[in-house]
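# Per-entry structural report
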Amino acid sequence: MSEFVRIAPGALTIGRPLPWDVHDIDGNVLLCQGYVIQTDSQLEQLFERGYFKPRIIEVPYEDSETSSDEADGNPFTRYPDYLHALEKALTAIAAGEPDARKQVQDLAHALEQACIHAPDASLALVHLYSVGPTIHEQIIFYAILCQLIARQFGLNEQRIPILTEAALSANLALVPVADKLNAFNKVLSSEQRSVIRKHPQRSIRALKTVGVDNDLLFTIIAQHHEQADGSGYPDGLSGADIRPEAEILALAERYVAMITKRAYRKRMNVTAARKLITNLADGGFRPAIPKALLKVLGEYPPGTLVRLENNEVGVITGRPMRARGPFVQVVFDSSGNNDSTGQERDTSVPGFNIQALEEPDIMPSMNFSQIWGFSD
């Protein structure tokens, strides 16, 4: 059991899917990734008995064999590895470890591969786990969205890895306090606002301490809270003075904030979020960047639940393609019973048209790998 880690209190939440398989002390699987905890007693039992198995993310050499998870491009089985690798990398930066940047680059590469080979499943991660994500989860979401927006926008391929690094490291100075700030339901104090406003410079200083020397990386981090109208911080830049990479990261963060529940407000559904993003294309950002995100999301992004014309409820698994779709995997049949038969619906077909978004108080349990067609 030396490779297994005890589940810490606070790592799991009622109403959101398990981020990894939960094992007992002997290594047997108690609950699979995607299972949704329903009660406090169930949660306490998992904290008392549960373990998970983190793995190290490393970029394989070109002539080496990749793991089966990497080979089949399954971001769901890699999700716990992403989180573990991020926490380890940010801790290494804070501790001044010389190989810290390589850890960030390895994680950026792994996320890039997932977004290239399984873009719908990668985008689904963002929506399936957006109910109450930790700061580390939010940062992974930023990186995924930056990858997808950047390619849709047409950003130079050589600049995308640097943008992904920036997404992973721009908020490292906020990590110690971010979860507390998200849970804070009062007006922020001047000290708290100061911490937020200074985090880009503090993150850059931490990166320089471990020997990072990349002007583009630093510029993206420094500018990712600037606003096109000059109202942002720290320098009040506007228009073309702000790099497009910084705007892509800012928009990724903005979207995740929209669909994430905070102590002081409810989360938006994707329809409301899309309306706000459309408004941002009218002057808040370079118009092509919000339009790129809207194109990435589609009307119904992967990972969202919808009710069909025949009264079935399913999860969006794939965006529209050549006048077909979006594609849905049925979760509940027309009578409201769990459906585990693996039925796929093309919602462009009459009888299976999407009628509405479904927003249950508690997400249904789902086997993500199976639903998105990955091998076990």
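Predicted model, so just to flag it, every value in this text is computed and none were measured.

## Concerning the nonpolar core
Nonpolar side chains in soluble globular proteins tend to be buried together. Counting 96 residues, the largest nonpolar core has Tyr-82, Leu-128, Ile-140, Leu-168, Tyr-255 and Trp-372 as the members making the most contacts within it. Of the residues forming this core, the biggest block, twelve residues, is contributed by helix α6 (residues 135–153). In this view, Ile-140 contacts Tyr-79, Tyr-82, Leu-83, Leu-86, Leu-107, Leu-111 and Leu-168; residues no more than four positions away in its chain are not counted.

## Brief notes about helix α12 (residues 270–280)
Taken together, the buried positions of α12 are Val-270, Ala-273, Ile-277 and Leu-280. Projected down its long axis, α12 shows its buried positions confined to an angular sector of 65°, all on one face. Packed against the buried residues of α12 are α5 (119–128), α11 (244–259), α13 (288–297) and β9 (354–358).

## A closer look at the sheet that holds strand β8 (residues 344–346)
What the five strands build is an open sheet, ordered β8-β7-β6-β5-β9; its pairing is antiparallel. Pairing within the sheet leaves two strands with one partner each, and these edge strands are β8 and β9. The mean inter-strand angle of the sheet, taken between neighbouring strand axes irrespective of direction, is 45°. Pairing of strand β5 (residues 305–308) with strand β6 (residues 313–318) involves three bridges; the strand directions are antiparallel.

## Describing the packing of helix α3 (residues 75–94) against α5
Each pair of packed helices gets described by two things: the angle between the helix axes and the distance between those axes. It is at 10 Å that the axes of α3 and α5 come closest, and there the two elements cross at 60°. Here α5 runs oblique to α3, going by the angle between their axes. The way α3 lies across α5 gives a crossing that is right-handed. Contact residues: α3 offers Pro-75, Phe-76, Tyr-79 and Tyr-82, while α5 offers Ala-121, Ser-122, Ala-124, Leu-125 and Leu-128. Broken down by class, the residue content of the contact of α3 with α5 amounts to eight nonpolar, one polar and no charged.

## Observations concerning the pairing of strand β7 (residues 327–332)
Burial analysis of β7 places five of its six residues in the buried class, which makes it a mostly covered element. Two strands pair when backbone bridges link them, and β6 and β7 are joined in this way by five bridges, in the antiparallel orientation. The residue bridging Ile-316 from the neighbouring strand is Val-328, located in β7.

## What about the state of the cysteines?
Within the structure shown, the criterion is met by zero disulfides. We note that Cys-115 lacks a disulfide partner, and the nearest cysteine sulfur, in Cys-146, lies 9.9 Å from it.

## Side note on the side chain of Asn-214
Following the sequence through the fold, Asn-214 ends up in the loop between α9 (190–209) and α10 (215–223). Of the polar contacts made by the side chain of Asn-214, one reaches the backbone nitrogen of Leu-216; its length is 3.1 Å. Within the local environment of Asn-214, its side chain forms a polar contact with the backbone nitrogen of Leu-217, the two atoms lying 2.8 Å apart. Among residues more than four places away in sequence, those in contact with Asn-214 are Arg-101 and Ile-162.

## Some thoughts on the confidence of the model for the chain
It should be kept in mind that the predicted coordinates are not to be read in detail where pLDDT is low. Across the chain, the average pLDDT comes to 89, with 89% of residues at or above 70. Residue range residues 61–71 is modelled with pLDDT below 50. Its contacts to residues more than four positions away, or to other chains, number nine contacts.

## Some remarks on the packing of aromatic side chains
Here the structure, examined in full by the defined rule, presents six aromatic pairs. Ring plane angle 65° and centroid distance 6.2 Å describe the contact between Phe-76 and Phe-374, whose orientation is recorded as edge-to-face. One end of the pair, Phe-76, is in helix α3; the other, Phe-374, is in the segment after α14 (368–371), and 298 residues separate them in sequence. In terms of burial, Phe-76 and Phe-374 fall into one category: buried. Members of the aromatic cluster, joined through ring pairs, are Phe-76, Tyr-79, Tyr-129, Phe-368, Trp-372 and Phe-374.

## Topic: the environment of Leu-86
Looking at the secondary structure, you find Leu-86 in helix α3. On the basis of relative accessibility, which here comes to 1%, the residue Leu-86 falls in the buried class. In this structure the C-alpha to C-alpha distance between Leu-86 and Ile-57, which are 29 residues apart in sequence, comes to 9.5 Å. Each residue touching Leu-86, except ones within four places of it in the same chain, is listed here: Leu-107, His-136, Ile-139, Ile-140 and Leu-168.

Rules behind the numbers
Residues numbered from 1 in each chain as written. Predicted model: local features only at pLDDT ≥ 70, side-chain atom pairs only at ≥ 80, totals over all residues. Heavy atoms only, no water. Core = buried A, V, L, I, M, F, W, Y, C linked by side-chain atoms within 4.5 Å. Buried < 20%, exposed > 50% of the residue type's maximum accessible area, 1.4 Å probe, protein only. Helix = DSSP H or I, 4+ residues; strand = E, 2+ residues; numbered from the N terminus. Contact = heavy atoms within 4.5 Å. Arc of directions from axis to C-beta. Pairing = 2+ DSSP bridges. Axes fitted to C-alpha atoms, helices over the stretch in contact; angles between N-to-C directions. Parallel < 35°, antiparallel > 145°, perpendicular 65-115°, else oblique. Left-handed = near helix turned anticlockwise from the far one by under 90°. Nonpolar A, V, L, I, M, F, W, Y, C, P; charged D, E, K, R; others polar. Disulfide = S-S within 2.5 Å. Polar contact = N/O pair within 3.5 Å; in protein donor to acceptor, adjacent residues only side chain to side chain. pLDDT = per-residue confidence, 0-100. Phe/Tyr/Trp six-rings, centres within 6.5 Å; stacked < 30°, edge-to-face > 60°.

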